[in-house]
Amino acid sequence: MLLQQVAAQAASHPLSGTVAEWLWLLPVLPLAGFVANGLLSLNSARLGPSDPNAPHHHPHSLAAADAPAISHAEQAGAVGDDHHAVKRHRWAGLTSIIGPGVLVASFLLALSIFFAMKGAHMETPFIQRYFSWMPAGDLQIDAAFQLDQLSMVMVLVITGVGALIHIFSIGYMRDDPGYPRYFAYLNLFVFFMLVLVLGANYPVLFVGWEGVGLCSYLLIGYWFSEKANADAGKKAFIVNRIGDFGFLVAMFLLFANLGVLDFAGVNAKATELQAGGALVTAICLFMFLGCAGKSAQIPLYVWLPDAMAGPTPVSALIHAATMVTAGVYLIARSAVLFSLSPVASLTVAIVGAVTAIFAATIGLKQWDIKKVLAYSTVSQLGYMFIGVGVGAYVSGVFHLVTHAFFKALLFLGAGSVIHAMHVAYHRTHSHDDAQDMRNMGGLRRFMPVTWVLMWIATLAISGIPPFAGFFSKDEILGATFSRAQGSTLASATWLGIPGSSLLYAIYALGLISALLTAIYMTRLMLYTFHGPNRTGATEEGYLHEAPWVMTGPLVVLGVLSLIGGWLNIPKIANDLLGLGPSESLHHWLEPVVGGATARIAAGGHHPTVTLEEILIGAAIVIAIAGIAIAFARLKPARLVPKREARQEEGFERVLLNKYFVDEGYDRAIVNPTYAISRTVLWKGVDNGLIDGFLVNGSAAVARGFGWVGSRLQTGSTGIYAWAVVVGVIAVLGAFTLR
Amino acid sequence: MLAESLAISAVLFTIGVVGVLVHRNAIIIFMCVELMLTAVNLTFVAFSRFYGATGQVFVVFVMTVSAAEAAVGLAIIIAIFRHRQTVNLSDINLLKG
């Protein structure tokens, strides 16, 4: 097998014998954290008072007594809910060390591997084979990890941002009764996420893929005693299954036609597939269905906004920075396949562009601070898919990285806002919504650190130079424009539409989305931090900045959002400013996606400096225009608290209700499924066929025989004697006459 | 000689069977059963004259067993009589389905 040949080469690989040999330890550390925290959480399940299932007691008196401001953090994420028992877990201290500790250790190991890799100049991936997992005839699947430049980027993001979010969680979740359970799930998530990005073949990747889905489900429904939260978890799980079906079919097709499933083998054999043929297009489209599920693209995006039911750090880690970008990673990982199918690539880009603008418009009218960020995430994921769709794999991954920085920062900042709001409402026994922006306002006076950091993230996501988001977003838009001018995509047709006009349309959609992004993010900032405070007169006194354990990670993310763009500064900007090596990420990822990028870009030419300057200028103007529009049009002073707010009308109402997509899905899919399940499957098959015919039918037959037998037992000995005699005569007669 | 013996025992056996079938009184039925056993014993003895002593050994067995059976059977009948004040089998039919 190809993998074994590669493994044999590994002995002479530049990374063999270096710290990279400890690759396996990267995921094993969080796994150990999961086991330890899981055991700690089991320990408390018998304790009673800290058991979330135990009868709830209203915690106000207790809370007022042991007053660290942070002590209500466990409720901060749950909408309008204060029925969780406030009881610090007996092992909370130990968990605070183990949970984030394993992540920090993993990140340090990843860093040292990164430096080893930087010096090694490797061209082929470093593969570690552990054992043969599925040896079945032609199907040879190894449990193997593979380290290359792309996985390294992902590993650094996952462990780095993950470690920061773990540390933030110490402050946010410390007084939750299920604290060790929370960290156990979070550690398990990181384990699976690392398996996903380190797997050397599709099945191992799929294990991580399903594992992160499981952890996502567990953490969305973390406060499962609220039905809405449990339902949101189920929704995420079920919608993702639809995508996973596509991913599985793609794997089957790959195996049936290429006979291999490891990345090295697929990359080597992919060119055997007819470029632009139906087969490779089918494989890519099925694979993209999986990506659409995991990365929340139309039509499978509906689970992500609901996923905000989980604790806010979970939203930051899983539903913004890492897991939802797995689809982008998968396409970049399969770049060779996608580059062979212009139709599939165009589909990816179109879906990405439509999702980007669709979600951005919804984000304009949401009042829940986390919902705004959720739709923003969907929209930015759409951007990444534009990037990988137009064959700018590096740009897609670049946006993935910068997005991980600023979106994690936005979510964690929102977390500390919600935390402050919740504590204020809790102290005053108010039942107002702690996540509704209409109840906020003027928070910059109370939380100056969060305010500054959130503005950094907002400028980053809006695409204002020199913040991180500007460079990545601009690169995606620039790549789309230059692909439209000449590439294999531009010369292809998609459902009869010429590729180049489609690409121009995608560019326009991307530009409009960038405008909308700037508007809704500025709106969020204005309503949350500016204008008068609407929380309430007494509540105001309890608003406060979060403790250092929460603001610390925010500051680090703020710095990263500020300078993250330097990872891949375009040459043109560098010529202007001279900031050091340009396009570093591009060079770094060259061995992984260079060939695929070149294949897609074939026939095109590098845009002229003037054109590039115009494109960059347009992006900047658009971003500034968005912020200016928001400042000019939105008047936070006129806003009223949620309970006094008027009903939205017209198109505003359509946006607030997210285009009624959920209702549409209910009508079109969910309710018919219920109806069929109820009438056909339940009443018909289960009650009628199984219960009625098979179960009760066989019972009735047995009962009939029993009835006949019992009639024979008259209790009269005379009849028995007659029966014996008649029987003897019959038997003797039969023997005699035979 | 054998034919006569077998004929007598057949007659005896039939009388026993008919007695069991037509009577209701437990004591009479019991005696009829003894009659059937006796008929069988007679057959054994008759055959033993032609085929060796094995038949006589069986007769001793049968008599032993029937003595034991008589003891147990009569005890049961007495116990039933004490409870029900009757030994009429038509009245003793509790054990039915």
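A quick note: this is a predicted structure, and the numbers were derived from the prediction, not measured.

Caption draft 1: Structural view of the interface of chain B and chain A. Taken together, the nine residues of chain B in the interface contact eleven residues of chain A. Taking both sides of the interface into account, the surface hidden between chain B and chain A amounts to around 740 Å²; carbon and sulfur atoms contribute 62%. At the junction of chain B and chain A, the tally comes to zero salt bridges. At the boundary of chain B with chain A, the tally comes to zero residue pairs in polar contact (both at pLDDT 80 or more).

Caption draft 2: Geometry of the state of the cysteines. Residues and elements named next belong to chain A. Evaluated as defined, the whole model comprises zero disulfides over all chains. Left without a disulfide partner, Cys-215 is nearest to the cysteine sulfur of Cys-291, which lies 19 Å away. Under the relative-accessibility criterion, Cys-215 is labelled buried at 0%. Of the cysteine sulfurs around Cys-291, a residue in no disulfide, the closest is that of Cys-284, at 9.8 Å.

Caption draft 3: Region of interest: the packing of helix α10 (residues 278-294) of chain A against helix α13 (residues 326-333) of chain A. Residues and elements named next belong to chain A. One way to put it is that α10 packs onto α13 with a least axis distance of 8 Å and a crossing angle of 155 degrees. As judged from the angle between their axes, α10 and α13 are roughly antiparallel. Where α10 approaches α13, its residues Met-287, Phe-288, Cys-291 and Lys-294 are matched on the opposing element by Ala-326, Gly-327, Leu-330 and Ile-331. Looking at the contact of α10 with α13 residue by residue, the classes come out as six nonpolar, one polar and one charged.

Caption draft 4: Quick peek at the environment of Leu-509 of chain A. Residue and element names in this part refer to chain A. Assignment of secondary structure puts Leu-509 in helix α21 (residues 499-529). Taking the C-alpha atoms as reference, Leu-509 lies 9.5 Å from Ile-350; in sequence the two are 159 residues apart. Setting aside its immediate chain neighbours within four residues, Leu-509 contacts Ala-353, Val-354 and Ile-357.

Caption draft 5: Representation of the packing of aromatic side chains within the structure. Going through the model one piece at a time under the given rule, you end up with 27 aromatic pairs over all chains. Arranged with centres 5.2 Å apart and planes meeting at 75 degrees, the rings of Phe-206 of chain A and Phe-247 of chain A form a pair that is edge-to-face. Note that Phe-206 of chain A is positioned in helix α7 (residues 202-220) and Phe-247 of chain A in helix α8 (residues 227-258), a separation of 41 residues in sequence. Phe-247 of chain A carries the same exposure label as Phe-206 of chain A, and that label is buried. For the pair Phe-44 of chain B and Phe-58 of chain B, a centre-to-centre distance of 5.4 Å together with 15 degrees between the ring planes defines the contact as stacked. Within this pair, whereas Phe-44 of chain B is found in helix α2 (residues 26-51), its partner Phe-58 of chain B is found in helix α3 (residues 54-84), the two being separated by 14 residues in sequence.

What counts, and at which threshold
Residues numbered from 1 in each chain as written. Chains lettered and ligands numbered in written order. Predicted model: local features only at pLDDT ≥ 70, side-chain atom pairs only at ≥ 80, totals over all residues. Heavy atoms only, no water. Contact = heavy atoms within 4.5 Å. Buried area = accessible area lost by both parts, 1.4 Å probe. Salt bridge = Lys/Arg side-chain N within 4 Å of Asp/Glu carboxyl O. Polar contact = N/O pair within 3.5 Å; in protein donor to acceptor, adjacent residues only side chain to side chain. Disulfide = S-S within 2.5 Å. Buried < 20%, exposed > 50% of the residue type's maximum accessible area, 1.4 Å probe, protein only. Axes fitted to C-alpha atoms, helices over the stretch in contact; angles between N-to-C directions. Helix = DSSP H or I, 4+ residues; strand = E, 2+ residues; numbered from the N terminus. Parallel < 35°, antiparallel > 145°, perpendicular 65-115°, else oblique. Nonpolar A, V, L, I, M, F, W, Y, C, P; charged D, E, K, R; others polar. Phe/Tyr/Trp six-rings, centres within 6.5 Å; stacked < 30°, edge-to-face > 60°.

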